[in-house]
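Take a look at the letters that make up each chain.
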Amino acid sequence: MSAVSNPATVEECLRVGTGFSQGDRHWIAEQFGTLDARLASFHADATELEISVKDREARGQKVTLECWIGGRDKIVTTSSEEDLHAAIMDVRDDLRRRLNDAKTKQEPRHNRHLRDLPPPSGDDLVTEIDQ
């Protein structure tokens, strides 16, 4: 993997949407700090995160985290946890899992369990039998 000249960070890429204020942004960025290592392989200019909440602190609130990374499909994670902090942790962890899954799917050569090993050809079988 090549090093990215301007790696993405939560602090640089996070926007707050509906239900959150700019005052919440710093607190959310701190909670998402563990995503920095995962985002570092992407360019900051091509990476965006947006978090929003519907019906904040009401029964049935829904936290949504959207992630756009250039050249990849948009990733959307949601949580209906009643506790706001728990919901934020839930969408953060789900995004981390999905980023890991997307990377594994894109680069299966680095995961021997996902490599498709070609079946032995008929010539290989004849050679083994002849010896």
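Residues numbered from 1 in each chain as written. Predicted model: local features only at pLDDT ≥ 70, side-chain atom pairs only at ≥ 80, totals over all residues. Heavy atoms only, no water.

1. Quick word on the pattern of salt bridges
A full pass over the atoms with the stated rule returns eleven salt bridges. A salt bridge links arginine 56 to aspartate 24, with the shortest nitrogen-to-oxygen separation between them at 2.8 Å. Note that arginine 56 is positioned in the loop between strand S2 (47–54) and strand S3 (62–69) and aspartate 24 in helix H2 (residues 22–31), a separation of 32 residues in sequence. Where arginine 59 meets glutamate 82, a salt bridge forms, and the shortest distance between an N and an O atom there is 3.2 Å. In this pair, arginine 59 sits in the loop between S2 and S3 while glutamate 82 sits in the loop between strand S4 (75–79) and helix H4 (84–106), placing the two residues 23 residues apart along the sequence. A relative accessible area of 54% means that glutamate 82 is categorised as exposed. (Salt bridge = Lys/Arg side-chain N within 4 Å of Asp/Glu carboxyl O. Helix = DSSP H or I, 4+ residues; strand = E, 2+ residues; numbered from the N terminus. Buried < 20%, exposed > 50% of the residue type's maximum accessible area, 1.4 Å probe, protein only.)

2. With respect to the sheet that holds strand S1 (residues 14–16)
A sheet is described by the order of its strands in space; here four strands give the open sequence S1-S2-S3-S4, paired in mixed fashion. At either margin of the open sheet sits one strand with a lone partner, and together these are S1 and S4. Direction aside, the axes of adjacent strands within the sheet are offset by 15° on average. Contacting S1 and S2, H2 crosses the sheet at an angle of about 140° to S1. (Pairing = 2+ DSSP bridges. Axes fitted to C-alpha atoms, helices over the stretch in contact; angles between N-to-C directions. Contact = heavy atoms within 4.5 Å.)

3. Section: unusual backbone geometry
Notably, aspartate 55 is not glycine yet its phi reads approximately 60°, a positive angle. Along the polypeptide, aspartate 55 turns up in the loop between S2 and S3. Taking the relative accessible area as the measure of exposure, aspartate 55 reaches 45% and is therefore partly exposed. The backbone of glutamate 57 sits at a positive phi, close to 60°, despite the residue not being glycine. Among the structural elements, glutamate 57 can be located in the loop between S2 and S3. Taking the relative accessible area as the measure of exposure, glutamate 57 reaches 62% and is therefore exposed.

4. A few points about the environment of tryptophan 27
Within the fold, tryptophan 27 resides in helix H2. A relative accessible area of 30% means that tryptophan 27 is categorised as partly exposed. Beyond its immediate sequence surroundings of up to four residues, tryptophan 27 is in contact with His85 and Ile88.

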